[in-house]
Amino acid sequence: MTTRDGRFIALNRYVHEPAPDIVLVGSSLTWRLREEYFSLPRIRNLALAGGSPLTGLEIVARQPNLPKIVLIETNFLTREADGALVESFSGGAPADVPLLRPVRTAIAAYETWKHGPPNPAQARAEQERLLSQPPDNFDNKAYLDRALEQMNGIDPTLSARANVAIIRRLTDELQRRGARVFLIEVPFAAEIENARPVTISKAIVHDAFPDPELWLPINPPRSELRWADGVHLDQRSGLIVVRAIEVALAERDGMRQP
């Protein structure tokens, strides 16, 4: 399954099913927060591996029915929205047409059906298995150094400011239509967190959104988190962060976990 074909599957599912209660939009960082990790029902993760949170956000904003809550990842704001995906899955567009072509997308759909999400009992068993394990002791220094080298070659200032302006416009629109919007920051490794491009982006986002009520603080136990490639959470860490998101939502909204 190619990454782009996987996007078609997730987005096609979203526009053809009833609006969920909670939607996450983001990059590959949020993509690692699997839907089956959540105990809250009616969750949809529209984060796109290798993509921008603006793609999912634009698509959500163009639907006639909105989710109750939208969580927007703000870690990476250097990429623009994928205009082709936005147009394909917006406002009653025939999203099933691109799904049927090319042949590899049909194969991706079959694989998604064949290897669909686990049932609740299977999901709970997998979560218990992950949490019963100690944090991975894999030495990721080589990957971390490579990630830092790549990130430090990027000046995010102009793109982050442009994308923050789009997020502001869409956030205002979603709130006007009755949805609640929260900005989130998926935890980075300390070295990545302190990298210059990350600190610049973070300053731009927080300057544009100073209202603490718009932010959903995520406070997992940092000592339990691991980033195998230096940037993305491993499976166990993704589950821990999901649990922290649910705690934060419960504290903010009184949303009780089953």
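The following paragraphs examine the structure supplied in this document.

Scoring rules and cut-offs
- Residues numbered from 1 in each chain as written.
- Predicted model: local features only at pLDDT ≥ 70, side-chain atom pairs only at ≥ 80, totals over all residues.
- Heavy atoms only, no water.
- Helix = DSSP H or I, 4+ residues; strand = E, 2+ residues; numbered from the N terminus.
- Buried < 20%, exposed > 50% of the residue type's maximum accessible area, 1.4 Å probe, protein only.
- Contact = heavy atoms within 4.5 Å.
- Areas by Shrake-Rupley, 256 points an atom, 1.4 Å probe, with all protein chains shown as cover.
- Pairing = 2+ DSSP bridges.
- Axes fitted to C-alpha atoms, helices over the stretch in contact; angles between N-to-C directions.
- Parallel < 35°, antiparallel > 145°, perpendicular 65-115°, else oblique.
- Left-handed = near helix turned anticlockwise from the far one by under 90°.
- Nonpolar A, V, L, I, M, F, W, Y, C, P; charged D, E, K, R; others polar.

## Observations regarding the overall build of the protein
(1) Moving on: Looking only at helices and strands, the protein has 12 helices and 4 strands in total.
(2) Moving on: For the protein, the residues scored as buried account for 47% of the 258 residues in total.
(3) Moving on: Contacts spanning at least 24 positions in sequence make up 78% of the contacts within the protein whose residues lie at least 6 apart.
(4) Moving on: Summing over all exposed atoms, the protein offers an accessible surface of approximately 13,000 Å²; the carbon and sulfur share of this is 53%.

## Structural notes on the sheet that holds strand 2 (residues 43-45)
What links the strands of a sheet is backbone hydrogen bonding, and the strands pair in either a parallel or an antiparallel sense.
(1) Moving on: Spatial strand order, 2-1-3-4: 4 strands in an open sheet with parallel pairing. Strand pairing shows two members of the sheet lacking a second neighbour, strand 2 and strand 4 (180-184), which therefore form its edges. This sheet shows a mean twist of 15° between the axes of neighbouring strands, independent of strand direction.
(2) Moving on: The sheet strands contacting helix 9 (residues 157-176) are strand 3 (69-73) and strand 4, and the helix crosses strand 4 at an angle near 145°.

## Section: the packing of helix 3 (residues 53-61) against helix 9
(1) Moving on: Interhelical geometry of helix 3 versus helix 9 gives an angle of 25° and a closest axis separation of 10 Å. Relative to helix 9, helix 3 is oriented roughly parallel. Here helix 3 runs over helix 9; the crossing is left-handed. In this structure, helix 3 uses L54, L57, E58, V60 and A61 to contact helix 9, whose residues at the interface are N163, I166, I167, R169, L170, E173 and L174.
(2) Moving on: Here the residues of the contact of helix 3 with helix 9 sort into 8 nonpolar, 1 polar and 3 charged.

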